[in-house]
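Structural overview
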Amino acid sequence: HHRHPERFDEQGVPLFMVTCLDWIKEKHADCEGLFRINGSSSTIKGLIQMVEHDNLELPEQLDPHAVTGLIKQYLRDLPEPLLGSQMYEAWAELCQLHDAAQKRALSAYLLAELPSPHQAVLKFLQGRLQALAEHAEQTKMDALNIATCIGPNLLRPPIGNDMNVISVTSTAAQVCLYLLQANQELQVAPIKAIARASFDYEPVNADELSLQEGQLVFIQDDGEEWWTGFTVLEQGESKRFPHNYIT
């Protein structure tokens, strides 16, 4: 069976996803529990076969929960999760930042690190899920509920990581909620790189960053010996630190 090149739109979003979310938007935008209620697994299997045979005509009487179930399963089964598994630790730290500008700088950096097809699908999903959240009165699915149901399909730690399932699920939901709600227009000092502290550093002056061995350091400016950045433990402004304390 020959594979059709037109399975993706120009941006790189899988066509079945566009078709499915168009169908939901047109026919079931007010359906209660979208993305929360699971459709029957046999219906979802049937849908997978349809998609694999490039048949994207969704029957009128189809259960909308099977359609959202198909999307969740597709996202869950990607070999590399949409938000990247190697970046899990940095996404988890994003949830602990309180400063809006730092959060924005970190999310912009992490999103830009993703492969471009992932960026395209995320952007598409963001728009569609934000629109869906506007129907929360009817669907009972506000941004938080949507993020709780979709987040764990978008972000997980690297395979073999024995992190607590509950904390992973909660982190994934918080990251997803942030991406659905954050002001993406905020102008911030961009992050140039993420490094790790190799040693503890005790600040001598108030404008210096305290470092703990092993923690992530978000670098915003790299000069000669002193660089500028921030950490989760030291919330707020960016500070200077000696660059030979990080790797």
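In what follows, the accompanying structure is described. What you see is a predicted model, and the numbers here were worked out from it, not measured in a lab.

Some points on the side chain of Lys72
Of note, Lys72 is situated in helix H3 (residues 64-77). No salt bridge forms around the buried Lys72; measuring N to O, its nearest opposite-charge neighbour Asp63 is 12 Å away. Not counting residues within four places of it along the chain, the set of residues in contact with Lys72 comprises Phe35, Arg36, Asn38, Cys149, Ile150 and Asn153.

As for the sheet that holds strand S2 (residues 216-222)
Read across the sheet, 4 strands follow the order S1-S2-S3-S4 without closing on themselves; strand pairing throughout is antiparallel. Lying at the two open borders of the sheet, with one neighbouring strand each, are strand S1 (193-196) and strand S4 (239-242). Along the sheet, successive strands turn relative to each other by an average axial angle of 50°, direction set aside. One ladder, built from 4 bridges, connects S2 with strand S3 (residues 226-230); its direction is antiparallel. Bridge assignment links Asp221 to a residue of S3, and that residue is Thr228. Each of S1, S2 and S3 touches helix H5 (residues 100-113); the most contacted strand, S1, lies at about 100° to it.

Considering the packing of helix H2 (residues 41-52) against H3
Relative orientation of the contacting elements H2 and H3 amounts to 70°, with a least axis distance of 9 Å. As the angle between them shows, H2 and H3 are arranged roughly perpendicular. Classified by chirality, the crossing of H3 by H2 is right-handed. Each of Thr43, Ile44, Leu47, Ile48 and Val51 in H2 lies in contact with H3, whose residues at this interface are Ala66, Val67, Gly69, Leu70 and Gln73. Partitioned by chemical class, the residues of the contact of H2 with H3 number 7 nonpolar, 3 polar and no charged.

Examining the nonpolar core
Grouped together as the largest cluster of nonpolar side chains are 67 residues, with contacts concentrated most on Met17, Phe35, Leu83, Trp91 and Leu125. A total of 8 residues in this core trace back to one element, the largest contributor, which is helix H9 (residues 165-181). If we ignore the near neighbours within four places in the chain, the residues touching Met17 are Ile71, Tyr74, Leu75, Val121, Phe124 and Leu125. If you look at the next biggest cluster of nonpolar residues, it comprises 10 residues, including Ala195, Tyr201, Leu209 and Ile246.

Brief notes about the packing of aromatic side chains
As enumerated under the stated definition, the model contains 5 aromatic pairs in all. Here the aromatic rings of Phe199 and Tyr245 are separated by 5.8 Å at their centres, their planes lie at 80°, and the arrangement is edge-to-face. One end of the pair, Phe199, is in the loop between S1 and S2; the other, Tyr245, is in the segment after S4, and 46 residues separate them in sequence. Look at Phe199 and you get partly exposed, because its relative accessible area is 46%. Measuring from centroid to centroid gives 5.3 Å for Phe218 and Phe230, while their planes differ by 40°, and the two rings are tilted. A residue pair is termed long-range when its members are at least 10 positions apart, and Phe218 in strand S2 and Phe230 in strand S3 qualify at 12 residues.

A few points about the side chain of Glu234
With respect to the helices and strands, Glu234 occurs in the loop between S3 and S4. Only 3.1 Å separates the side chain of Glu234 from the backbone nitrogen of Ser210, close enough to count as a polar contact. Dropping the residues within four chain positions of it, Glu234 is found in contact with Glu208, Leu209, Ser210 and Lys239.

Notes on the pairing of S2
Of all 7 residues making up S2, 5 are buried, and the element is well covered by its neighbours. Across 4 bridges, S1 lies against S2 in antiparallel orientation. Directly across from Ala193, in S2, lies its bridge partner Ile219.

Quick notes on the rules
Position numbers for residues count from 1 along each chain, tracking the sequence in the order it is written. Residues qualify for local features only when their pLDDT is at least 70, as the model is predicted, and side-chain atom pairs are given and counted only at 80 or more; totals for whole chains, interfaces and linings, by contrast, use all residues. Here the side-chain values reflect all heavy atoms present in the structure, with hydrogen atoms and water set aside. Numbering of helices and strands runs from the N terminus, with a helix taken as a DSSP run of H or I at least four residues long and a strand as a DSSP run of E at least two residues long. Note on exposure labels: buried denotes an accessible area under 20% of the residue type's maximum, exposed denotes more than 50%, and partly exposed covers the range between, all computed with a 1.4 Å probe on protein chains only. Working convention for charge: Lys and Arg count positive, Asp and Glu count negative, and His plus the chain ends are omitted. Salt bridge, as used here: a side-chain nitrogen of Lys or Arg that lies within 4 Å of a carboxyl oxygen of Asp or Glu. Here, two residues are considered to be in contact whenever any of their heavy atoms come within 4.5 Å of each other. At least two bridges found by DSSP between two strands is the condition for calling them paired. Fitted lines through C-alpha atoms give the axes, limited to the stretch in contact for helices. The angle between two N-to-C directions lies from 0 to 180 degrees. Reported orientations rely on four angle classes, namely roughly parallel under 35 degrees, roughly antiparallel over 145, roughly perpendicular from 65 to 115, and oblique for the rest. Crossings are sorted by hand: turned counterclockwise from the far helix by less than a right angle, the near helix makes the crossing left-handed, and turned clockwise it makes it right-handed. Nonpolar residues are Ala, Val, Leu, Ile, Met, Phe, Trp, Tyr, Cys and Pro. Charged residues are Asp, Glu, Lys and Arg, and all others, Gly as well, are polar. To form a nonpolar core, buried Ala, Val, Leu, Ile, Met, Phe, Trp, Tyr and Cys residues must be joined to one another through side-chain atoms within 4.5 Å. Aromatic pairing here means that ring centres of Phe, Tyr or Trp (its six-membered ring) are within 6.5 Å. Orientation follows from the plane angle: under 30 degrees is stacked, over 60 is edge-to-face, and everything else is tilted. Think of a polar contact as two N or O atoms within 3.5 Å of one another; within protein, one of them needs to be a possible hydrogen donor and the other a possible acceptor, and neighboring residues in sequence only count if both atoms come from side chains.

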